[in-house]
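Residue-level listing of the chains:
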Amino acid sequence: MTDLTADDVQRIIRDEQLTATANWFGRTGRPQSAAWIDRDGDGWIVWETDERGETFHDPLHFSSEAEALDLFLKIARRHRAGNSQAVRRIGDSA
């Protein structure tokens, strides 16, 4: 079991330069080949998108914030590793 907090993950996103592949509670990174996390009532949902920006699988629902954050971070890292040139373009509205 993980004990990640939102503050931990925000620090990791910044330190590991995952801003392109991590969409943190809304569109904060690129739409394609990325991890997404959002609130869903009393829980959290995590999903990822493919190279076209389409949802790769149904969102996974979590009642544990730490578990949702752990999966979100793993997906963001995997997409970053798959594309070492991943960058977020400032002002990109797509």
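Refer to the structure above for everything that follows.
Residues numbered from 1 in each chain as written. Predicted model: local features only at pLDDT ≥ 70, side-chain atom pairs only at ≥ 80, totals over all residues. Heavy atoms only, no water.

Next up on the list: helix H1 (residues 6–15). Taken together, the buried positions of H1 are occupied by Val9, Ile12 and Ile13. Summarising the axial view, the buried residues of H1 lie within an arc of 100°, below the 170-degree limit, and thus occupy one face. Opposite its buried face, H1 presents the exposed residues Asp7 and Arg14, each directed more than 90 degrees away. For H1, the secondary structure elements touched by its buried residues are strand S1 (22–24) and helix H2 (65–82). One or two positions beyond H1, positive phi appears at Gln17, with a value near 55°. (Buried < 20%, exposed > 50% of the residue type's maximum accessible area, 1.4 Å probe, protein only. Helix = DSSP H or I, 4+ residues; strand = E, 2+ residues; numbered from the N terminus. Arc of directions from axis to C-beta. Contact = heavy atoms within 4.5 Å.)

The next point concerns the packing of aromatic side chains. Across all of its chains, the model carries three aromatic pairs by this definition. Seen from their ring centres, Trp24 and Phe25 are 4.9 Å apart, and the 90° between their planes marks the pair as edge-to-face. Taking the centre distance of 5.8 Å and the plane angle of 10° together, the rings of Trp36 and Trp47 count as stacked. Highlighted residues: Trp36 in strand S2 (residues 35–40) and Trp47 in strand S3 (residues 43–48), separated in sequence by eleven residues. This pair shows no difference in class: Trp36 is buried, exactly as Trp47 is. The rings of Trp24, Phe25 and Phe72 are connected pair by pair, giving a single aromatic cluster. A cation sits over an aromatic face here: Arg39 above Trp44, 4.2 Å from the ring centre. (Phe/Tyr/Trp six-rings, centres within 6.5 Å; stacked < 30°, edge-to-face > 60°. Lys NZ or Arg CZ within 6 Å of the ring centre and 35° of its normal.)

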